[in-house]
Amino acid sequence: MENHQENQYRKWFGEKRGRLAAEAFASKGWTSHYAETLEEAKKLLFETLLPKGASVGLGGSETLAAMDILTVLRNGEYKLYDRYNCPDHFEMCRDSLLADYFLTGANALTMSGEMVNIDCSGSRVAAMAYGPRHIIVVAGVNKLCANLEEAARRAMSAAPMNCKRNNHKTPCTETGVCGNCNTPARMCNQLLFTLNAQKFKGKYIIIIVNEELGF
Ligand code: SF4
């Protein structure tokens, strides 16, 4: 009973914050959507936002993995730059910079409509900064931060978990704490602040989901 109540209030809080953040992103030039569940976000993505036949690039994302988007994207109805199934990952990521749509998660969002991402090779943040015709970001309300400082801290704090996920041999995968490493395995090399999206109207699309997604 207590858990149910906790979840009920968490969902209420998530909805309030998620909807407010979606409004803030809209005010910064994003096309923004709020979804109550990941399933709802997936329906919106494939039934409304992503046209059949489009070329699609991908950023590594736990949130997108949880949506199981690859099953749909590999069904032949899209031209997928499949970075998870290709002979040359580097070239595939380069090619996907010119995709019609680039799908990704986010490391952190602010309640004022800004986004912060950290990246290893830079392929994801490069795409998010310029290249693909459209960027679609799917992010849970757990990614919402009060301001840019908190968002940057949040993005940095995800690095050890990303290292673990990608099996990088870094100090943080041993200790859980950043050792400011200086090796090719280092995950946190590029930090991108996306502050405003008015430059290219319709390019940036976000779905804020009232669930805890990714880390
Ligand atoms: S700098 Fe190195 S040790 Fe620190 S979080 Fe990044 S990958 Fe881990």
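Up top is the structure.
On a predicted model such as this, the values are computed, not experimentally measured, just so you know.

Draft legend 1. Main features of the site of the ligand. In the vicinity of the ligand, the residues found are Ala-159, Cys-163, Thr-170, Pro-171, Cys-172, Cys-178, Gly-179, Asn-180, Cys-181, Arg-186, Met-187 and Cys-188. Counting only elements with at least two residues in the shell around the ligand, the list comes to helix H8 (159–165) and helix H9 (171–175). When grouped by side-chain class, the residues that make up the shell around the ligand number 8 nonpolar, 3 polar and 1 charged.

Draft legend 2. Quick look at the sheet that holds strand E9 (residues 190–194). In spatial order, the strands read E8-E5-E6-E9; together these 4 strands make up an open sheet with mixed pairing. Looking along the sheet, the strands with just one partner apiece sit at the ends: strand E8 (144–145) and E9. Of the strands in this sheet, strand E5 (108–110), strand E6 (115–119), E8 and E9 are in contact with helix H7 (residues 148–157), which crosses E6 at around 25 degrees.

Draft legend 3. Examining the nonpolar core more closely. By size, the foremost hydrophobic cluster in this structure holds 25 residues, and its most contacted members are Leu-50, Ile-69, Leu-73 and Leu-103. Counting residues per element, the ones that place at least two in this core are helix H2 (38–49), strand E2 (55–58), helix H3 (62–67), helix H4 (69–73), strand E4 (101–104), strand E7 (134–140) and strand E10 (204–209). Ranked by residue count, the leading element in this core is H2, at 6 residues. Each residue touching Leu-103, except ones within four places of it in the same chain, is listed here: Leu-45, Leu-50, Val-56, Gly-57, Leu-58, Gly-59, Leu-64, Ile-69, Leu-73 and Ile-136. Core analysis: the second largest hydrophobic core is formed by 21 residues, Ala-21, Leu-109, Val-141 and Ile-208 among them.

Draft legend 4. Layout of the pairing of E6. Across the 5 residues that make up E6, a large majority, 5, are buried. The alternating pattern of E6 places Met-115, Asn-117 and Asp-119 and Val-116 and Ile-118 on opposite faces, both of which are buried. Linking E5 back to E6 in an antiparallel pair, the connection comprises 4 residues, with Gly-113 at a positive phi of about 90 degrees. Relative to E9, E6 runs antiparallel, the two being bridged by 5 bridges. Paired with Asn-117 across the strands is Leu-192, a residue of E9.

Draft legend 5. Looking closely at the pattern of salt bridges. If you walk through the whole model with that rule in mind, you get 8 salt bridges. With its nearest N and O atoms 2.7 Å apart, the salt bridge here joins Arg-74 to Asp-82. You can call Arg-74 partly exposed: its relative accessible area is 44%. What makes Asp-82 buried here is its relative accessible area of 9%. With a closest N to O distance of 3.8 Å, Glu-149 and Arg-153 form a salt bridge. Here Glu-149 and its partner Arg-153 are both found in helix H7, 4 residues apart, which amounts to about one turn of the helix. For the pair Glu-149 and Arg-153, one class covers both residues: exposed.

Draft legend 6. Local environment of the sheet that holds strand E3 (residues 79–80). Read across the sheet, 6 strands follow the order E1-E10-E7-E4-E2-E3 without closing on themselves; strand pairing throughout is parallel. Where the open sheet ends on each side, the last strands, each with one partner, are strand E1 (31–35) and E3. In this structure, E7 lies alongside E10, joined through 6 bridges in parallel fashion. Bridging from a neighbouring strand, Val-137 pairs with Ile-206 of E10. Together, E1, E4, E7 and E10 form the strand contacts of H2, whose direction differs from that of E10 by roughly 155 degrees.

Draft legend 7. Region of interest: the packing of aromatic side chains. Enumeration over the complete set of coordinates arrives at 5 aromatic pairs. Judged by centre distance (5.1 Å) and plane angle (55 degrees), the rings of Trp-30 and Tyr-204 are tilted. Here the residue Trp-30 occupies a position in the loop between helix H1 (2–27) and E1, and Tyr-204 occupies one in strand E10, the gap between them amounting to 174 residues. Per residue, the accessibility class of Trp-30 equals that of Tyr-204, and both read buried. Each member of the aromatic cluster is reached from another via a ring pair, and the members are Phe-25, Trp-30 and Tyr-204. Here the guanidinium or amino end of Lys-199 rests over the ring plane of Phe-200, the centre of that ring lying 5.9 Å away.

Calculation rules
Residues numbered from 1 in each chain as written. Predicted model: local features only at pLDDT ≥ 70, side-chain atom pairs only at ≥ 80, totals over all residues. Heavy atoms only, no water. Near = heavy atom within 4 Å. Helix = DSSP H or I, 4+ residues; strand = E, 2+ residues; numbered from the N terminus. Nonpolar A, V, L, I, M, F, W, Y, C, P; charged D, E, K, R; others polar. Pairing = 2+ DSSP bridges. Contact = heavy atoms within 4.5 Å. Axes fitted to C-alpha atoms, helices over the stretch in contact; angles between N-to-C directions. Core = buried A, V, L, I, M, F, W, Y, C linked by side-chain atoms within 4.5 Å. Buried < 20%, exposed > 50% of the residue type's maximum accessible area, 1.4 Å probe, protein only. Salt bridge = Lys/Arg side-chain N within 4 Å of Asp/Glu carboxyl O. Phe/Tyr/Trp six-rings, centres within 6.5 Å; stacked < 30°, edge-to-face > 60°. Lys NZ or Arg CZ within 6 Å of the ring centre and 35° of its normal.

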